[in-house]
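Structural description and commentary
Residue-level listing of the chains:
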Amino acid sequence: MNAQGQIVKVGIADMNIAKAPDKIRTSGLGSCVGVVLYDERSTTVGMVHVMLPDSSLGRTETINIAKFADTGITAMVEQLKIEGIQSYKLKAKIAGGAQMFQFSSTRDTMRIGPRNVEAVKEYLKKYSIPILAEDTGGNSGRTIEFDPTTKLLNIRTVNQGVRNI
Amino acid sequence: MMYDSKITSMHLDVLKEIGNIGAAHAATALSTLLNKKIDMKVPKVEMVSFDDMMDLAGGPESVVAGIYLRIEGDVTGSMFFVLPVEQANRFIRRLVQDETFDFQTGEVSEIGASAMQELGNILSGSYLSALSDFTRLKIYPTVPALSVDMVGAIISFGLVELSHISDYVIVIDTAIIEEDVPNEESVKGHFFLLPDPESFDAIFKALGVN
C-alpha cells in the first residue's frame, strides 16, 4: 500500500469500506443520500449510497440491502463491527437528498430526496449515532469523498463549488 | 409481469425498432428547428445496472442540461433528454440568437431555460407521438422539467420508481449526432426512454410479440 492511497468507489445503491490512506467516494448524488459512518479513533470507515427510504418499499424477493436507508445503515453498522468498531463509537456525516427537478406535482416519488434524508436520520437515531455534519436538501447534485485520515467529507457541486464538512 | 428474466434478445430488438421510429421523427424536428442536419440513432437497447446506466450517459459526474418528463397513458415511464452542457449552450444560443447564453453561469436567463424546455418538449413530443402512432397506444408526455447538473444526479431520479422492483433498467438509448461539425466537437446528446416495468406487457402486446 502506498502512502498516496486509492479511491474506493461506491456505486448507486452500493456500500463499501475504506481504510486510510485510501479515500472513499460516491459520484453524482441527486435525491440519494451518501452516509459515512466512522469512529474518530479508527481509520476504517464505511459509506452507503442510499436510494430509497425503507426496505418495505422493495417488491422483490431478494433485496439489495445497500439500496435502502434502514437495511443499508444496519448492514454497515454490522460490517464495521466485524472490522472491530463498536456501534456506540460511531459518528456520521451525510450529504445528498436534493430535489433535482421542480414540479408542481405532489406525487410521493417527487419528494424522494427529503424522504431519504428523514429516513437516514431516523435510522441513525435508532443506533444513537450522532450526525456531526450534513449537507442535505437543495437542488444540486453532489459528489462526495471522505478521507479516513482527516475525517473530512469533501463535497463537490456543479454550481456551488467545493467544500469540506 | 414481464421484466428482468423474461426479456429476450428478440424483445430488445423490438424495442430498438420502436426507438428508431421515435428517433427518426425527433431528428426531423430538431433539424427543422436548428436548420442543420441532425442524425439520431439507437445504438443499443439493453438491460443495464444503474451504474452502467450512468456510464452510458457519460459518467455520473459529467455536466449536462437534462430534461426530464414522465410518460402517462397506456405506457408509463420516464424520459430524459440530456445534452453535454457545451452542446446545449450551442443549441440554445442558436435558438434564442444570443451568443452570450451560458447554462454554466449559475444564473440561467429565463428565456434560455424555457427555450431548452421547449426544445425538450418538441423533441420528446415528436418521439413519443411516433411511438403512439406505431403502437396505437395512448402515450402522453407531462410538461418537462429542466436541470443543469451532474448526469448521475439527474438520471437517478428517473430510476427511483423502478428501483422498487429491480436493480436493472431497460434503457432505450437514442444518440443525437450533429453532422458537419468536427468529430471531437460533435459530442452526443441522448434520449433515454425508461419504460416502467408494468408497461412492457402493453408494448409487446400492442405489437403482437409474446
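In what follows, the structure referred to is the one given above.
The structure contained in this document is the topic of the report that follows. (Residues numbered from 1 in each chain as written. Chains lettered and ligands numbered in written order. Predicted model: local features only at pLDDT ≥ 70, side-chain atom pairs only at ≥ 80, totals over all residues. Heavy atoms only, no water.)

Some details on the overall build of chain A
As a reminder, the rule being used: Only DSSP runs of H or I with at least four residues qualify as helices, and only runs of E with at least two residues qualify as strands; both kinds are numbered from the N terminus onward. Residue burial is assigned from relative accessible area. The probe radius is 1.4 Å, only protein chains are included, and a residue is buried under 20% of its type maximum, exposed over 50%, and partly exposed in between.
Counting secondary structure elements, chain A contains 2 helices and 10 strands. Seen in sequence order, chain A has helices and strands lined up from the N terminus as β-β-β-β-β-α-β-α-β-β-β-β. Principal axes of the C-alpha set define a box for chain A whose edges measure 50 × 40 × 25 Å. For chain A, buried positions account for 55% of its 165 residues.

Re the pairing of strand β3 (residues 23-29) of chain A
All names here are of chain A. We count it as follows: At least two bridges found by DSSP between two strands are what make those strands a pair.
Of all 7 residues in β3, 5 are buried, a share of seventy percent or more. Across 3 bridges, the pairing between strand β1 (residues 7-9) and β3 is parallel. Its bridge partner being in β3, Lys 9 is matched across the sheet by Arg 25. Relative to strand β8 (residues 142-147), β3 is paired through 4 bridges, and the arrangement is antiparallel. Counterpart to Thr 26 in the pairing with β8 is Ile 144.

Remarks on helix α1 (residues 69-82) of chain A
Residues and elements named next belong to chain A. Put simply, the rule reads: How far a helix is expected to stretch is found by multiplying one less than its residue total by 1.5 Å.
In a regular helix each residue adds 1.5 Å, so 14 residues correspond to 20 Å; α1 covers 20 Å between its end C-alpha atoms and thus fits that length. Taken together, the buried positions of α1 are occupied by Ala 69, Asp 70, Thr 71, Gly 72, Ile 73, Ala 75, Met 76, Val 77 and Leu 80. Phi turns positive, to about 95 degrees, at Gly 84, one or two residues after α1.

What to know about the sheet that holds β1(A)
Residue and element names in this part refer to chain A. Definition in use: Helix axes are fitted to C-alpha atoms over the stretch in contact, other axes to C-alpha atoms as well, and angles between N-to-C directions run from 0 to 180 degrees.
Taken in spatial order, the 5 strands make up an open sheet running β1-β3-β8-β9-β10, and their pairing is mixed. Every other strand in the sheet has two partners, leaving β1 and β10 (162-164) as the edge strands with one partner each. Within this sheet the neighbouring strands show an average axis-to-axis angle of 20 degrees, counted without direction.

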